[in-house]
Amino acid sequence: MKRLTMSLDDDLADAFDAIVSERGYENRSEAFRDLLRADLGKARQQDNPDGLCVATLSYVYNHHQRQLALRLTDLQHEHHELTISTTHAHLDHDHCVEVVILRGQTRLVQAFAKSVTTQAGVSHGALHIVPLAAHHAHGHEHLVPVVGAGTRPVR
C-alpha cells in the first residue's frame, strides 16, 4: 500500500471531515478511497463505454399506467443478456419499486436503463454502475471490480 500526503485549505478539510463523520467512516483514508474509487469509476465509464460492468437499476412506477408493467417486463425480456435478476415490491396502492441487476457492456446497460426510466409512468430511476475487468486466476477468467482507468482488481 502506498501512502499519500496532501494539503487542503481549511474549508475543504472541514467539509471533508464532515463527510467522514456523517457517513461513519473510521478514518479519512477510508472516505478518501471511496470518493476516489467513485470518481475513477465514472472516468472509466466515459473512457471505456464498451467495457464490462455490473449495475443496479432501481425505479418507481405507477402500476395503473396503461400497459406499463407489461412494457417494463418486455424490455427485460428483450435484453435478457443484460438482466441477471429483478426484485419487485409494492409501495402503496398505486406505486411499485423494482431493482434490476444488470451485467454487460457499459453503453448497453446505460441504454437499457434509459429505455426503462423514460417510460411514461416511471417517476424515479437511478443507475449505479461498477466497472469490471477480466482477471485470470487459477486457470480461468473472473470478472472483478476495477480501480480507475486500469484493470487492476479492487482488493
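As shown above, the structure is provided for reference.
Residues numbered from 1 in each chain as written. Predicted model: local features only at pLDDT ≥ 70, side-chain atom pairs only at ≥ 80, totals over all residues. Heavy atoms only, no water.

Enquirer: Explanation requested: helix H1 (residues 10-23) in the structure shown.
Expert: It helps to recall that an α-helix has 3.6 residues per turn; residues three or four apart then point in one direction. In a regular helix each residue adds 1.5 Å, so 14 residues correspond to 20 Å; H1 covers 20 Å between its end C-alpha atoms and thus fits that length. If you check the start of H1, you find a side-chain oxygen 3.2 Å away from the backbone N of Asp11, and it comes from Asp9. Following H1 by one or two positions, Gly24 adopts a phi angle in the positive range, close to 80 degrees. (Helix = DSSP H or I, 4+ residues; strand = E, 2+ residues; numbered from the N terminus. Expected span 1.5 Å × (residues − 1). Polar contact = N/O pair within 3.5 Å; in protein donor to acceptor, adjacent residues only side chain to side chain.)

Enquirer: How should the environment of Arg33 be read in this particular structure?
Expert: Residue placement: Arg33 occurs in helix H2 (residues 28-47). In this structure Arg33 comes out as partly exposed when scored by relative accessible area, which is 27%. A polar atom in the side chain of Arg33 sits 2.5 Å from the side chain of Glu30. (Buried < 20%, exposed > 50% of the residue type's maximum accessible area, 1.4 Å probe, protein only.)

Enquirer: Any chance you could explain the side chain of Thr83 here in plain terms?
Expert: In this structure, Thr83 sits in strand S2 (residues 83-90). When neighbours within four sequence positions are excluded, Thr83 is seen to be in contact with Gln76, Val100, Ile101, Leu102 and Phe112. (Contact = heavy atoms within 4.5 Å.)

Enquirer: I would appreciate a short explanation of the sheet that holds strand S5 (residues 140-145) in the present structure.
Expert: In a beta sheet, neighbouring strands are held together by backbone hydrogen bonds and run either parallel or antiparallel to one another. The five strands are arranged S2-S3-S1-S4-S5 in an open sheet whose pairing can be described as antiparallel. Sheet topology places S2 and S5 at the edges, where each strand pairs with a single neighbour. Strand-to-strand twist of the sheet, defined as the mean angle between neighbouring strand axes without regard to direction, takes the value 20 degrees. Of the pairings in the sheet, the one linking strand S1 (residues 52-62) to strand S4 (residues 122-137) comprises nine bridges and is antiparallel in character. Bridge assignment links Ser58 to a residue of S4, and that residue is Ala126. Lying on the sheet, helix H3 (residues 68-78) is in contact with S1, S2, strand S3 (95-105) and S4; it crosses S1 at an angle near 170 degrees. (Pairing = 2+ DSSP bridges. Axes fitted to C-alpha atoms, helices over the stretch in contact; angles between N-to-C directions.)

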